[in-house]
Amino acid sequence: MKILFFDTKSYDKESFQKQEKNYPGIEIDYLKTDLAPKTAPLAKGFDAVCAFVSSDVGSATMDALHEAGVKLVLMRCAGFNNVDLEKAAEYGIKVMRVPGYSPEAVAEHAMALALGVNRRLHKAYVKVRENDFSLGGLMGFNFYQKTAGIVGTGKIGAAMARICRGFGMKVIAYDVCQNPDLADFVEYVSLDELLGTSDLISLHCPLMDNTYHLINKETIAKMKDGVILVNTSRGGLVKTNDLIDGIRARKFAGVGLDVYEEETKNVFEDRSDEILEHSTTARLLSFPNVMITSHQGFFTEEALEAISKTTLDNAVAFEKGETTGNEVLKRD
Ligand code: NAI
């Protein structure tokens, strides 16, 4: 099978090349450019393309992939909100993903953001570097015996729930279906109750039509004053302008974002020499209680190894006509 790999970074190539020797039937060409309608025709002659979170796998790209004869889209990530599944189904293009490569990688990063923003580590680090040893502006609150509200208790949400329990927090959750593994320590509540009682809210549900802008003016108004909000799931879950209004209204003790609405152009790019025209990210970063990282939740050695292995296993299963459970199907 020939795979055209889009948006290659050095660490992607390294981890996939380590695995490639175990998959003799697979040949990969690595491209730096990302998948988009204009670059999709490059896949002519390839059986599959491998894409990532910021790739444009929308309608026009699907048209071009179909035209190029591609039969398989290998997403080397869990999320698939950037994929037009209807078009894929129409063309008989199979879409596969890596659903749970290392839930702990993302959950640990979510907790890192929560702790970092609570104790203002981003400020403290810079202050001490400048020989400013004063504590002004650095006060946080104990997580111990506070309430953590987990929205979405799949693999990552469950890992986050376990971490919060380890901190001695009461853990409550909202999900459309309950995770039986968490029954002994998580109490499921309505979204409104979660919003109104949590000291830390961490988002772990997928971005879908019914979760788009889940955090907005109305839901922010229902949150406790002094709450910490963490989003390591997808930017579209939070309506950024409403979040900014909420921060200005002093609603939040802290906000930690690994994902945000306008991240697509930024993700994994060095734009330090550019003048960014319309940046709500810059506006968010102007607040002392906001910490933003650039979609690095997944970025651990363990996760990269699992991603490359599962992606190549998906390719093999596709060739053999086997089903793995990693297929992404059109939503009804
Ligand atoms: P998962 O599929 O195991 O769990 C998602 C959970 O959300 C499920 O329990 C589901 O029932 C629940 N859910 C669905 N609709 C909901 C709704 N309307 N309200 C509340 N809960 C709802 O997914 P997993 O592996 O835990 O990943 C969660 C998300 O994390 C992914 O969708 C992806 O967007 C994001 N992610 C972010 C990464 C990063 O690097 N920052 C890396 C990997 C995933």
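Residues numbered from 1 in each chain as written. Predicted model: local features only at pLDDT ≥ 70, side-chain atom pairs only at ≥ 80, totals over all residues. Heavy atoms only, no water.

1. Side note on the UniProt feature "domain: D-isomer specific 2-hydroxyacid dehydrogenase catalytic" (unreviewed entry) in the protein chain
- Under the UniProt annotation, the feature "domain: D-isomer specific 2-hydroxyacid dehydrogenase catalytic" (unreviewed entry) is placed at residues 3–328.
- Within residues 3–328, the helical portion is 35% and the strand portion 15%, while the C-alpha atoms at the span's ends are 18 Å from each other. (UniProt positions renumbered as here; feature names shortened; annotations may be inferred. Helix = DSSP H or I, 4+ residues; strand = E, 2+ residues; numbered from the N terminus.)

2. Overview of the packing of helix α4 (residues 103–118) against helix α6 (residues 155–166)
- Closest axis-to-axis distance for the α4/α6 pair is 8 Å, and the angle between their directions is 50°. The orientation of α4 relative to α6 falls into the category oblique. Judged by the sense of rotation from one axis to the other, the crossing of α4 with α6 is right-handed. Taking contact as the criterion, the partners of P103, E104, V106, A107, E108, A110 and M111 in α4 are, on α6, K155, I156, A159, M160, I163 and C164.
- For the contact of α4 with α6, the class distribution of residues is 10 nonpolar, no polar and 3 charged. (Axes fitted to C-alpha atoms, helices over the stretch in contact; angles between N-to-C directions. Parallel < 35°, antiparallel > 145°, perpendicular 65-115°, else oblique. Left-handed = near helix turned anticlockwise from the far one by under 90°. Contact = heavy atoms within 4.5 Å. Nonpolar A, V, L, I, M, F, W, Y, C, P; charged D, E, K, R; others polar.)

3. Some details on the side chain of N82
- Looking at where N82 falls in the secondary structure, it is placed in the loop between β4 (72–75) and α3 (85–91).
- Reaching out from N82, the side chain makes a polar contact with the backbone oxygen of S55 at a distance of 2.9 Å.
- Among all residues touching N82, those that are not within four sequence positions of it are F52, V53, S54, S55, D56, V57, G58 and M75. (Polar contact = N/O pair within 3.5 Å; in protein donor to acceptor, adjacent residues only side chain to side chain.)

4. Quick word on the pairing of strand β11 (residues 252–257)
- Here β11 lies mainly inside the structure; 6 of its 6 residues are buried.
- Where strand β10 (residues 227–231) and β11 come together, 5 bridges link them in parallel fashion. Along β11, the bridge assignment pairs V227 with F252.
- For the crossover from β10 across helix α9 (residues 240–248) to β11, the handedness is right-handed. (Buried < 20%, exposed > 50% of the residue type's maximum accessible area, 1.4 Å probe, protein only. Pairing = 2+ DSSP bridges. Right-handed = clockwise from strand over helix to strand, strands pointing away.)

5. Examining the packing of helix α1 (residues 10–20) against helix α11 (residues 301–320)
- With their axes 9 Å apart at the nearest point, α1 and α11 run at an angle of 55° to one another. In terms of axis orientation, α1 runs oblique to α11. Crossing of α1 over α11 shows right-handed handedness. Across from Y11, S15, F16, Q19 and E20 in α1, the residues of α11 making contact are L304, E305, I307, S308, K309, T311 and L312.
- Of the residues in the contact of α1 with α11, the class split is 5 nonpolar, 4 polar and 3 charged.

6. Focus: the sheet that holds strand β3 (residues 48–51)
- Sheet architecture is open: 5 strands sit in the order β2-β1-β3-β4-β5, paired in parallel fashion. On the outer flanks of this sheet lie β2 (27–30) and β5 (94–96), each paired with one strand and no other. Each adjacent strand pair in this sheet contributes to an overall mean axis angle of 20°, direction not counted.
- Here 3 bridges tie strand β1 (residues 2–5) to β3, and the two strands are oriented parallel to one another. Following the sheet pairing, F5 is matched in β3 by C50.
- Each of β1 and β2 is contacted by α1, which is oriented at about 165° to β2, the strand it contacts most.

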